[in-house]
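Close look at the chain arrangement
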Amino acid sequence: MKLNLQNFSFKGLYLLLSTLFINAAIFAQDSTMTATTTTTSQSTTEKTWYMQPWAWVVGAVILVLIIVAISKGGSSSTDKVTVTKSVTRDTDV
């Protein structure tokens, strides 16, 4: 198989070189120095409002009210249309 340089695409070579450059830039950001840091933390047991049971109950009640309101329908009109059909037949005398 003969390699035809006219049809050779430099996309693969460009992709390889750009990947190597990006990897080198990423690894250059890693710090090789070891620094000692002291952290102190205090733990609290305070829960946020949405983790409280009363918030879940209130949310469930509101959800049920919304579902009931939607299922009732928004039509407040009491107009009804009644169609009556009268049929008269001719009788042969």
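Below, the structure is looked at part by part.

**What to know about the overall build of the protein**
Helix and strand counts for the protein stand at two helices and zero strands. Relative to its full complement of 93 residues, the protein shows a buried share of 1%. Split by element, the accessible area of the protein, about 10500 Å² in all, is 62% carbon and sulfur.

**Here's the deal with the packing of aromatic side chains**
The tally for this structure, following the rule as stated, stands at one aromatic pair. Aromatic side chains W49 and Y50 sit 5.7 Å apart centroid to centroid with 85° between the ring planes, which places their arrangement in the edge-to-face category.

**Some points on helix α2 (residues 53-72)**
If you check α2, its first and last C-alpha atoms are 29 Å apart, about what 20 residues at 1.5 Å a residue would give, namely 28 Å. Here α2 lies mainly on the outside; one of its 20 residues are buried. Following α2 by one or two positions, G73 has its phi on the positive side, about 95°.

About the criteria used
Residues numbered from 1 in each chain as written. Predicted model: local features only at pLDDT ≥ 70, side-chain atom pairs only at ≥ 80, totals over all residues. Heavy atoms only, no water. Helix = DSSP H or I, 4+ residues; strand = E, 2+ residues; numbered from the N terminus. Buried < 20%, exposed > 50% of the residue type's maximum accessible area, 1.4 Å probe, protein only. Areas by Shrake-Rupley, 256 points an atom, 1.4 Å probe, with all protein chains shown as cover. Phe/Tyr/Trp six-rings, centres within 6.5 Å; stacked < 30°, edge-to-face > 60°. Expected span 1.5 Å × (residues − 1).

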